[in-house]
Structures are given as C-alpha cells and as structure tokens.
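Structure assessment
Here are the chains, one letter per residue:
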Amino acid sequence: MTTIVPPRERECERCGRTDVWNDDSGTWAVVERDGERLSGDPFCLHEWDINGAYNPLEEGA
Ligand SMILES: [Zn+2]
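A brief structural summary. Residue numbers restart at each chain and count upward from 1, following the sequence in its written direction. In keeping with the model being predicted, local features are shown solely for residues with a pLDDT of at least 70 and side-chain atom pairs are shown and tallied solely at 80 or more, while totals for entire chains, interfaces and linings include all residues. The basis for every side-chain value is the complete set of heavy atoms in the structure, and neither hydrogens nor water enter the calculation.

1. What about the coordination of the zinc ion?
Keep in mind that water is not among the atoms, so a site may look incomplete; donors are the N, O and S atoms within 2.8 Å of the metal, or 3.2 Å for Na, K and Ca. Coordination of the zinc ion by the protein involves Cys12 (SG), Cys15 (SG), Cys44 (SG) and His46 (ND1), with metal-donor separations of 2.1 to 2.4 Å. The rule is simple: four donors are tetrahedral if all their angles sit between 85 and 135 degrees, four are square planar and six octahedral if opposite donors span more than 155 degrees and the others lie between 65 and 115, and anything that fits none of that is irregular. Because the angles between the four donor atoms bound to the zinc ion fall within 104 to 115°, the donor set is best described as tetrahedral. Here the donor residues of the zinc ion share one chain and are spaced in sequence as C-x2-C-x28-C-x1-H.

2. Quick word on the packing of aromatic side chains
Between rings of Phe, Tyr and Trp, where Trp is taken as its six-membered ring, a pair exists when centres lie within 6.5 Å; planes separated by under 30 degrees are stacked, by over 60 edge-to-face, and by other angles tilted. One pass over the structure, following the stated rule, counts one aromatic pair. Relative to tryptophan 28, the ring of tryptophan 21 lies with its centre 5.2 Å away and its plane at 80°, an arrangement referred to as edge-to-face. Geometrically, a lysine NZ or arginine CZ counts as sitting over a ring once it is within 6 Å of the ring centre and also within 35 degrees of the ring normal. The cationic tip of arginine 10 hangs over the ring face of tryptophan 48; the distance from NZ or CZ to the ring centre is 3.8 Å.

3. Structural notes on the pairing of strand E3 (residues 27-30)
Strand direction decides the pairing type here: strand E2 (residues 18-22) and E3, joined by four bridges, are antiparallel. Paired with tryptophan 21 across the strands is tryptophan 28, a residue of E3. Note on pairing: two strands pair once DSSP finds at least 2 bridges between them. Helix and strand definitions follow DSSP, with helices as H or I runs of at least four residues and strands as E runs of at least two, each counted in order from the N terminus. Between the antiparallel neighbours E2 and E3 lie four residues, among them glycine 26 with a positive phi of about 70°.

4. Considerations on the pairing of E2
As paired strands, strand E1 (residues 9-11) and E2 are joined by three bridges and run antiparallel to one another. Across the sheet, the residue bridging to arginine 10 is aspartate 19, located in E2. Linkage of E1 to E2, two consecutive antiparallel strands, is achieved through a turn of six residues, within which glycine 16 is found at a positive phi near 90°.

5. With respect to the sheet that holds E1
The strand order across the open sheet formed by three strands is E1-E2-E3, and the pairing between neighbours is antiparallel. Where the open sheet ends on each side, the last strands, each with one partner, are E1 and E3. Taken over all neighbouring pairs, the strand axes of this sheet differ in orientation by 30° on average, direction set aside. Only the stretch in contact is used when fitting a helix axis, every axis being a line fitted to C-alpha atoms; angles between N-to-C directions are given from 0 to 180 degrees.

6. Points about the environment of cysteine 12
With respect to the secondary-structure elements, cysteine 12 resides in the loop between E1 and E2. Any residue under 20% of the maximum accessible area for its type is buried, any over 50% is exposed, and the rest in between are partly exposed; the area is computed with a 1.4 Å probe on protein chains only. Cysteine 12 gets classed as buried once you look at its relative accessible area, which sits at 3%. With 37 residues separating them in the primary sequence, cysteine 12 and aspartate 49 have C-alpha atoms 6.1 Å apart. Contact partners of cysteine 12, with chain neighbours within four places excluded, come to Arg17, Cys44, His46, Glu47 and Trp48. Pairs of residues are marked as contacts when any of their non-hydrogen atoms sit within 4.5 Å.

What follows is the structure, given as structure tokens:
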C-alpha cells in the first residue's frame, strides 16, 4: 500500500508537528486540527517526512 504525501504538506517524524505550505505568505504554517495547533515540540529538531529526495513514484521500503 502506497501513501501519497503531498509535497505541500510536511509532518515531523519526531514530535508530530504538521505544517502546510501557505502560498500567500510563502512560508510553512502550522496546521490546526479540531481547534488545536499541531505545533509539536518547540525544542524539537524537526525531522520532516519530506526531507531529502521526495519521490512520489518510489514506494516505501
Ligand atoms: Zn519535531
């Protein structure tokens, strides 16, 4: 099963912070879900799940 991760969204694999790309401001913005900001751990060295070579055609190992 292959999960398609849109390149305009990223999630930290360490703390769960989730951002979406904001076209208007040209920056990442923290996602709000159910009225809660998914800002994760402010001291986390975020490990984004889209780091490195993003390749939607490559299936996960
Ligand atoms: Zn993090």
